[in-house]
Amino acid sequence: MNLLNTLVDKGLRRETPTREEALAVLATSDDDVLDVVAAAGRVRRHWFGRRVKLNYLVNLKSGLCPEDCSYCSQRLGSDTGILKYSWLKPEEASKAAAAGLAGGAKRVCLVASGRGPTDRDVERVAGTIAAIKERHEDVEVCACLGLLSEGQAERLRAAGADAYNHNLNTSEATYGDITTTHTYADRVDTVRKAHAAGLSACSGLIAGMGESDEDLVDVVFALRALDPDSVPVNFLIPVEGTPLAAEWNLTPQRCLRILAMVRFVCPDVEVRIAGGREVHLRTLQPLALHLANSIFLGDYLTTEGQAGRADLEMIADAGFEVEGADEVTLPAHRAAAGGGCGAHEGAGACGSHGDGGARGSHGGEGAGCGAEAGGAGCGGHAGAAGSTAAEAVAESAAAGADAARTDAARTDAARTDAARTDAARTDLVAVRRRGAGTDLAPNA
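Described below are features of the structure shown in this document. (Residues numbered from 1 in each chain as written. Predicted model: local features only at pLDDT ≥ 70, side-chain atom pairs only at ≥ 80, totals over all residues. Heavy atoms only, no water.)

**Points about the pattern of salt bridges**
Next, step 1: Under the defined criterion, the tally for this structure stands at 25 salt bridges.
Next, step 2: Residues D119 and R155 are paired through a salt bridge, measuring 2.6 Å at the closest nitrogen-oxygen approach. Residue D119 is located in helix α5 (residues 119-135), and its partner R155 is located in helix α6 (residues 152-159); the two are separated by 36 residues in the primary sequence.
Next, step 3: The partner of R425 in a salt bridge is D427, with the nearest N and O atoms 2.8 Å apart.
Next, step 4: Residue class for D427 comes out exposed when judged on its relative accessible area of 52%.
Next, step 5: Shared partners join several salt bridges into a network, and the residues in it are K53, R107, E140, E270 and R272. (Salt bridge = Lys/Arg side-chain N within 4 Å of Asp/Glu carboxyl O. Helix = DSSP H or I, 4+ residues; strand = E, 2+ residues; numbered from the N terminus. Buried < 20%, exposed > 50% of the residue type's maximum accessible area, 1.4 Å probe, protein only.)

In structure tokens, the structure reads:
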């Protein structure tokens, strides 16, 4: 049985691929990228049907950060020309969130720059959560405030937060090359604190920082071990004024291979295309919807994204549908594990056992964000999502892919990616000048 058939079978059983298999996905050539997308797309449709979850960022506090993360335009001493402002008032944040929700978002991500929140900051965010949920009772709220101290995750949960985001970003082996003001272990600890408090954990990575294939596989396997409900995949936006401004290492095909590898390693988890999709995927963005079941709508924290209306048109044109507020994001078996995290005893890695199930109602108390009973729904089983031309290609292509790639093929793929860095689209990187913290309407 060839590589892609093996990975599809494992993905439908939630079985972990080997490291060699994950590396082989990244080593496939551009000629085979549609086969890779088709195979991973079967896994995505089995667990999530054709639904696309929309998320919306609200930057509560921009810039002014004491950390030295090399990829970040808000870093210590940054001279990137980004917007800088202190905490938005609850009513300002609620107004910003309303724009995203009007565009179809079902989750609002409240983000603040800094090493981590003080207890006073947690109280500020609690007030903001209350203001948002007063106007939008059913919205999911995810907080992203940096490293958490003892008891803060519990206070956020009590305030109404459904999830907490804290990315691992890169492999443990290379983390010190990217950031020196905190450690990889600090990040892991915060994800575990979110789990323990009953928050739905959201943790992902940044690709394109000069890492090796081995680094990418390492961080994705580490994420699987932590078992977050959501895995955002960011593609580095090389902003002028940051240490990584010259790191244009990605091609659209490379991005697709990375997303496919993440889907194979974490088959039943919400895989979200996050920052950098417009810059690096460009016209191949619709193909990425066959791999990820979640995107951010509109702009990002400090850079502008694709117009929100264009996002919605892209989803419809590609044959997908926006996930409704009354639909459950995750498969039913993850909710059955309790707490919304799927990481409890007996749950296994990246979810526990059971089938996708059909659409159902929200679960009981403590089920967590996006993890309520009800299951994959909306054609969540393989073959149930319709018979478009793209799916016909998907079914046939998975059976015709090559076996695990040789070292020579891996080298060829690397050369292809390297040759294309000359086509870096710096013109697509625009510092955000609209939305929260500005006088301009948001791009939702």
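There's more to say after this.
**Focus: the packing of helix α1 (residues 3-13) against helix α2 (residues 19-27)**
A pair of packed helices can be characterised by two numbers: the angle between their axes and the separation between those axes.
Next, step 1: Running from N to C, α1 and α2 point in directions that differ by 125°, and their axes come no closer than 11 Å. Judged by the angle between their axes, α1 and α2 are oblique. The handedness of the crossing between α1 and α2 comes out as left-handed. Touching L3, T6, L7 and K10 of α1 are E21, A24 and V25, all from α2.
Next, step 2: Among the residues making up the contact of α1 with α2, the classes are represented as four nonpolar, one polar and two charged. (Axes fitted to C-alpha atoms, helices over the stretch in contact; angles between N-to-C directions. Parallel < 35°, antiparallel > 145°, perpendicular 65-115°, else oblique. Left-handed = near helix turned anticlockwise from the far one by under 90°. Contact = heavy atoms within 4.5 Å. Nonpolar A, V, L, I, M, F, W, Y, C, P; charged D, E, K, R; others polar.)

**Some points on the environment of W87**
Next, step 1: Tracing the backbone through its elements, the reader meets W87 in the loop between β1 (51-61) and α4 (90-102).
Next, step 2: Taking the relative accessible area as the measure of exposure, W87 reaches 18% and is therefore buried.
Next, step 3: Sequence separation between W87 and R124 is 37 residues; the distance between their C-alpha atoms is 8.4 Å.
Next, step 4: In contact with W87, other than residues within four places in its own chain, are L60, K61, A112, D121, R124 and V125.

**Quick look at the side chain of T302**
Next, step 1: Secondary-structure assignment places T302 in the loop between β9 (294-296) and α13 (308-317).
Next, step 2: Apart from the residues within four sequence positions on either side, T302 is in contact with N59, S62, S73, Q74, I82, A430, V431 and R432.

**Structural notes on the pairing of strand β8 (residues 270-273)**
Next, step 1: In β8, alternate side chains face the same way, and those of E270 and R272 on one face and V271 and I273 on the other are all buried.
Next, step 2: Of the strand pairs in this sheet, strand β7 (residues 230-235) and β8 are connected by four bridges, and their pairing is parallel. Looking at β8, one finds that V231 is bridged to V271.
Next, step 3: In the classification by handedness, the crossover that spans β7, the intervening helix α10 (residues 252-265) and the parallel β8 is right-handed.
Next, step 4: Sheet analysis places β8 next to β9, joined by two bridges and oriented parallel. The residue bridging I273 from the neighbouring strand is I295, located in β9. (Pairing = 2+ DSSP bridges. Right-handed = clockwise from strand over helix to strand, strands pointing away.)

**What to know about α1**
Next, step 1: Within α1, eight of the eleven residues are buried, which leaves the element mostly enclosed by the surrounding structure.
Next, step 2: Considered for burial, the residues of α1 that qualify are L3, L4, N5, T6, L7, V8, K10 and G11.
Next, step 3: Its side-chain oxygen 3.3 Å from the backbone nitrogen of L4, N2 forms the N-cap of α1.
Next, step 4: Remark: R14 follows α1 within two positions and exhibits a positive phi of approximately 60°. (Polar contact = N/O pair within 3.5 Å; in protein donor to acceptor, adjacent residues only side chain to side chain.)

**Description of unusual backbone geometry**
Next, step 1: A positive phi angle is found at N169, which is not glycine, with a value near 75°.
Next, step 2: Along the chain, N169 falls in the loop between β4 (163-165) and α7 (175-178).
Next, step 3: For N169, a relative accessible area of 3% puts it in the buried group.
Next, step 4: A positive phi angle, near 50°, is found at R282, a position not held by glycine.
Next, step 5: Tracing the chain through its elements places R282 in the loop between α11 (277-280) and α12 (285-288).
Next, step 6: With a relative accessible area of 22%, R282 lands in the partly exposed category.

**Focus on the packing of aromatic side chains**
Aromatic rings in a pair are described by how distant their centres are and how their planes are angled relative to each other.
Next, step 1: For the structure on display, the rule yields two aromatic pairs.
Next, step 2: A ring pair is formed by F296 and Y300, whose centres lie 6.5 Å apart and whose planes are at 80°; its orientation type is edge-to-face. By the burial criterion, F296 is buried, and Y300 matches it. (Phe/Tyr/Trp six-rings, centres within 6.5 Å; stacked < 30°, edge-to-face > 60°.)

**Section: the nonpolar core**
Next, step 1: Core analysis: the biggest nonpolar cluster contains 95 residues, and V58, F235 and F264 have the highest contact counts within it.
Next, step 2: Here V58 is in contact with L88, A93, A96, A97, V108, C109, L110, V111 and A436, once residues within four sequence places are set aside. (Core = buried A, V, L, I, M, F, W, Y, C linked by side-chain atoms within 4.5 Å.)

**A few points about the pairing of β7**
Next, step 1: In terms of burial, β7 is a largely internal element, six of the six residues being buried.
Next, step 2: Of the two faces of β7, the one lined by S230, P232 and N234 and the one lined by V231, V233 and F235 are each fully buried.
Next, step 3: Here strand β6 (residues 205-207) pairs with β7 via three bridges, running parallel. Paired with I206 across the bridge in β7 is N234.
Next, step 4: For the crossover from β6 across helix α9 (residues 213-226) to β7, the handedness is right-handed.

**Quick look at the packing of α9 against α10**
Next, step 1: Contact geometry for α9 and α10: axes closest at 10 Å, N-to-C directions at 35°. For the pair α9 and α10, the crossing hand works out as right-handed. Between α9, through D213, L216, V217, V220, F221 and R224, and α10, the contact on the second element is made entirely by R254, I258, M261, V262 and V265.
Next, step 2: Here the contact of α9 with α10 is built from residues that sort into eight nonpolar, no polar and three charged.

**A closer look at α6**
Next, step 1: If you check which residues of α6 are buried, you get Q152, A153 and L156. Along the axis of α6, the buried positions cluster into a sector of 100°, meaning they face one direction only.
Next, step 2: Contacts from the buried residues of α6 go to α5, β3 (140-144), β4 and α8 (184-196).
Next, step 3: One or two positions beyond α6, positive phi appears at G160, with a value near 115°. (Arc of directions from axis to C-beta.)

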